[in-house]
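Given next are the chains, with one letter for each unit.
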Amino acid sequence: MATAAARLQQARRLPGVEGVWVFIAADMAMFGLLFVSFMLERQKNLALFEHSRHTLDANFGGINTLILLTSSWFVVLAVDAAKRNRVQRVAPCLAAAMICGFAFTVSKALEYADKLRSGISMLTNDFYMYYFALTGIHLLHVAAGCVVLAVLWKRARAGTYNSAQCVGLECGASYWHMVDLLWILLFPLLYLLR
Amino acid sequence: MKPETYSTDYTMWRLLAWCGPIFMTVFFFMWGVFAGNLPPAGADLDAAQITAHYLNNGMAIRIGMSVCMVGSAFYMAWGCAVSKVMRRIEGPDGILSNLEMMGATITCAPLLVACGIWLTASIEAPQLPPAIIHMMYWLGWMIIDIAYMVTTFQIFAVGIVFLRDQREKPLMPAWISWWGFVTCAAFFPVSLIPFFKTGPFAFHGLFNFWIAFFTWYIWVTAVSFNIIRAISRLQQEDGAASPSAAQQRAGVLITG
C-alpha cells in the first residue's frame, strides 16, 4: 500500500526542479502578453497585417517547426535513455538535439537575410516589428537552449545522467520543450493566421 | 604577537540589507509616482509635448530626481549585504559574490546619470529650445535602460550562487533565483527601445517598461527580504557551531 502510494507520488512529480517551472511559467506568460498585444494590434490594422503576412515564406516556418520538433524528440530520447540507464545513448541524443538547434539558427539567419535584402526590416511596419521582435526573442531562447544542451552533453559524456540522477537533464529538457512550444505558437500566429 | 579575532557585525549587515527596500520605496514613489514616470510621458511625444511635460511638472520632477540621485546609492549598499551572504555559500575564493557587488555598484551609475539629466532638463526647460529638452529626455531613457547588462550580470550571479546552496533549507528560496533568470530574459528586448516610439518595445511600452521594470522590482524586493532573514540564520548558524566564537563575533575583540 505504502509502496503503491510512493510509486504514485513518484509518477506524479514534476520533471526537474520546481524553480525551472517558475521560469517556464513566467517566460510563457510574457510571451502570452506579447501574443495578445500582437492580436490587438492586428485587429486595428487587419489589411496591413494580412498583406505583410503573405510576404513571409511559410516554407521556412514549416522547416523550422520540423527542426525544433525533431530536436525535442531527440531530447525526449536522451531523457528516456538516462531513465533506462542506457548512459551511452544520452550524449549522442543531446548532440543531435543541439545540431537541430544550430540548424534552426542558420535557417532563421537565412530568413532574416532574405527579408533584409528585400528592404524589409522591423521598422517597415507594425507587423514586421512583431515578426522580427518575437522571432528574435525566441531565437535568443534557442541560443540559450543550445548552451544548455552543450553543458548537458558535456556532462552526459562523463556519464553523469542515469535513472538515479537526471534532475539537471530534466530541467534542460523542460526548457527546450518550452522553446519548441513557443515556436509552435509563433509559427501559426505569424505565418498562417488568416 | 597575540592573535586578534574580529567580530562579525551582523547589525551592519542587516542595515545594509534594509537599503534594498529603502531603494525600492524611494524609486517607486519619487521616480515613479511623484515625478510622473508611472506611466512615463512616452517615446511618441514630440519636442513641444515633452517640453510642456517638463514645464507643467517641473517642481515634482526636480524634487523626485534630486531624491532619486541620493536614493540610488542605497542599491550599492544593498549589493554589499547580498554579496556578503553569497560569500558564505561560495567561500572566500568565490568570484560570483564579487560580480554581484560590482553589478550592484555599477547599476547605480546609469540611475544617477539618467536622473541627473532629467533633473537638469526640469530646471532648464523654460530657457532651452524644445529640441534640446526632447534630446535630454531620450538620453536619460537610453542610459537608464540600455545599461541593463550590468544588472543582468548581478542578477545572474545571485541566482547561480543561491541555487548552489547545499543547506537542507537554502538561505534563499529557489524560485527567487529562477525569477532572477526570468528578469534577465525580460531585459534583453530592452535593446529594441532605440527603434520604436510606439508599441510594446518602446521605452514606455508594455514589454520594455511594464514587464522589464516590474520583474526587476519584484526580484529586488524578494531578494531583499530573504537576505534580511538569511543574515539572522547565518548568525544562528554561527552560534550553533561555536557558542564561544559566537560570543566573540557578537563583539568581543580579543587583543590580549
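How each quantity is defined
- Numbers given for residues are sequential positions, taken from 1 along each chain in its written order.
- Chain A is the first chain written and ligand 1 is the first ligand written, with later ones labelled in order.
- At least 70 in pLDDT is required for a residue's local features to be given in this predicted model, at least 80 for side-chain atom pairs to be given and counted, and no such filter applies to totals for whole chains, interfaces and linings, which use all residues.
- Water and hydrogen atoms were dropped before computing side-chain values, which therefore reflect all heavy atoms in the structure.
- By the criteria applied, helices consist of DSSP H or I runs no shorter than four residues and strands consist of E runs no shorter than two, each listed in order from the N terminus.
- Note on classification: 1.4 Å probe, protein chains only; a residue is buried when its accessible area is under 20% of the maximum for its type, exposed when over 50%, partly exposed between these limits.
- Shrake-Rupley sampling with a 1.4 Å probe provides the accessible areas, and residues are treated as covered by the protein chains on show and by no other component.
- Positive charge is attributed to Lys and Arg, negative charge to Asp and Glu, and no charge count is given to His or to the chain ends.
- Lys charges are placed at NZ, Arg charges at CZ, Asp charges at CG and Glu charges at CD.
- Side-chain rings of Phe, Tyr and Trp (the six-membered ring for Trp) are treated as a pair once their centres are within 6.5 Å; stacked means planes under 30 degrees apart, edge-to-face means over 60, and tilted covers the remaining angles.
- Whether a charge lies above a ring is judged from NZ of Lys or CZ of Arg, which has to be within 6 Å of the ring centre and within 35 degrees of the ring normal.
- By definition, residues are in contact when any of their heavy atoms lie within 4.5 Å.
- Two parts placed together each lose some accessible area; with a 1.4 Å probe, that loss summed over both constitutes the buried area.
- The salt bridge criterion pairs a side-chain nitrogen of Lys or Arg with a carboxyl oxygen of Asp or Glu, the two atoms within 4 Å.
- Between N or O atoms, a polar contact is any pair within 3.5 Å; within protein, one atom must be a potential hydrogen donor and the other a potential acceptor, and residues adjacent in sequence are included only when both atoms are from side chains.
- For this classification, Asp, Glu, Lys and Arg are treated as charged, while Ala, Val, Leu, Ile, Met, Phe, Trp, Tyr, Cys and Pro are nonpolar and the rest, including Gly, are polar.
- Known as pLDDT, the predictor's confidence for each residue is given on a scale from 0 to 100.
- Only protein atoms enter the 1 Å grid used here. Points where a 1.4 Å probe fits but cannot escape make up a cavity, open sets with protein on both sides within 12 Å along at least five of seven lines make up a pocket, and a residue lines them when an atom lies within 4 Å of a point.
- Grid points are joined across faces, edges and corners, and a volume is the space filled by probe spheres set on the points.
- Side-chain atoms within 4.5 Å link the members of a nonpolar core, which is a set of buried Ala, Val, Leu, Ile, Met, Phe, Trp, Tyr and Cys residues.
- In this analysis an axis means a line fitted to C-alpha atoms, helices contributing only their contacting stretch, and an angle means the value between N-to-C directions, from 0 to 180 degrees.
- Here the word oblique covers every angle except those under 35 degrees (roughly parallel), over 145 (roughly antiparallel) and from 65 to 115 (roughly perpendicular).
- Left-handed describes a crossing whose near helix is turned anticlockwise from the far helix through less than a right angle; right-handed describes the clockwise counterpart.

What follows deals with the overall build of chain A. Each helix and strand in chain A was counted, giving 7 helices and 0 strands. Each helix and strand of chain A, placed in order from N terminus to C terminus, yields the pattern α-α-α-α-α-α-α. Its C-alpha atoms put chain A at 60 × 35 × 20 Å along the principal axes. Here chain A holds 194 residues, and 46% of them are scored as buried. For chain A, the exposed surface amounts to about 9700 Å²; the carbon and sulfur share of it is 66%. Positive and negative charge centroids in chain A, built from 17 and 11 side chains respectively, lie 10 Å apart.

This part takes up the packing of aromatic side chains. Within the structure shown, the criterion is met by 49 aromatic pairs over all chains. Ring centres of F156 of chain B and F181 of chain B lie 6.1 Å apart, and the angle between their planes is 50°; on these two criteria the pair is classed as tilted. A residue pair is termed long-range when its members are at least 10 positions apart, and F156 of chain B in helix α8 (residues 148-163) and F181 of chain B in helix α9 (residues 174-187) qualify at 25 residues. Judged by centre distance (5.4 Å) and plane angle (85°), the ring pair of W178 of chain B and F181 of chain B falls under edge-to-face. Highlighted residues: W178 of chain B and F181 of chain B, both in helix α9, separated by 3 residues, approximately one helical turn. Take W178 of chain B and F181 of chain B: they sit in the same class, and that class is buried. The ring centre of Y112 of chain A lies 5.3 Å from the NZ or CZ of K108 of chain A, which sits over that ring.

Here we take up the interface of chain B and chain A. Chain B puts 18 residues into the contact, and the matching count from chain A is 18 residues. In total, chain B and chain A occlude about 1700 Å² of area from one another, counting both sides; carbon and sulfur atoms represent 92% of this. Viewed at the interface, chain A and chain B are joined by 0 salt bridges. Summed over the shared surface of chain B and chain A, the result is 0 residue pairs in polar contact (both at pLDDT 80 or more). Elements that contribute at least two residues to the side of chain B that touches chain A include exactly α9 and α10 (206-241) of chain B. Per-element tally for the side of chain B that touches chain A: the top contributor is α9 of chain B, with 7 residues. Among the residues making up the side of chain B that touches chain A, the classes are represented as 17 nonpolar, 1 polar and no charged.

What follows is about the confidence of the model for chain A. Chain-level statistics for chain A give a pLDDT mean of 90 and a share of 94% at 70 or above. Across chain A, element-level confidence peaks in helix α6 (residues 126-157) of chain A with a mean pLDDT of 95 and bottoms out in helix α1 (residues 2-12) of chain A with 58.

The next thing to look at is the pattern of salt bridges. Evaluated as defined, the whole model comprises 10 salt bridges over all chains. Across the pair K44 of chain A and E41 of chain A runs a salt bridge whose closest N-O atoms are separated by 3.7 Å. Within this pair, K44 of chain A and its partner E41 of chain A are both found in helix α2 (residues 18-44), separated by 3 residues, close to a single helical turn. Owing to a relative accessible area of 65%, K44 of chain A belongs among the exposed residues under this scheme. The shortest N-O distance in the salt bridge between R88 of chain B and D238 of chain B comes to 3.5 Å. Of the two residues, R88 of chain B sits in helix α5 (residues 73-90) while D238 of chain B sits in helix α10, which places them 150 residues apart along the sequence. Here D238 of chain B falls in the buried class, since its relative accessible area comes to 13%. Several salt bridges converge on common partners, so that one network encompasses R42, E50 and R53 of chain A.

Its boundaries defined by the atoms lining it, the largest pocket holds a volume of some 1700 Å³. In terms of lining residues, the largest pocket is bounded by 40 residues, among which V148 of chain A together with F156, I160, W178 and F181 of chain B are the most central. Listed by contribution, the elements that provide at least two residues to the lining of the largest pocket are α2, α6 and α7 (167-192) of chain A together with α8 and α9 of chain B. No other element matches the 10 residues that α6 of chain A contributes to the lining of the largest pocket.

Attention now goes to the nonpolar core. Residues and elements named next belong to chain B. Of all hydrophobic cores here, the largest spans 142 residues; its most connected members are W31 and W219. Of all the elements, α10 adds the most residues to this core, at 16 residues. Beyond its immediate sequence surroundings of up to four residues, W219 is in contact with Y75, W78, Q154, I155, V158, I176, W179, G180 and T183.

Residues and elements named next belong to chain B. Packing of α9 against α10 leaves a shortest axis separation of 9 Å and a crossing angle of 155°. It follows from the interaxial angle that α9 and α10 lie roughly antiparallel. Handedness of the crossing formed by α9 with α10: left-handed. Across from W175, I176, W179, G180, T183, A186 and F187 in α9, the residues of α10 making contact are F207, I211, A212, T215, W216, I218, W219, A222, V223 and N226. Tallied by class, the residues present in the contact of α9 with α10 amount to 13 nonpolar, 4 polar and no charged.

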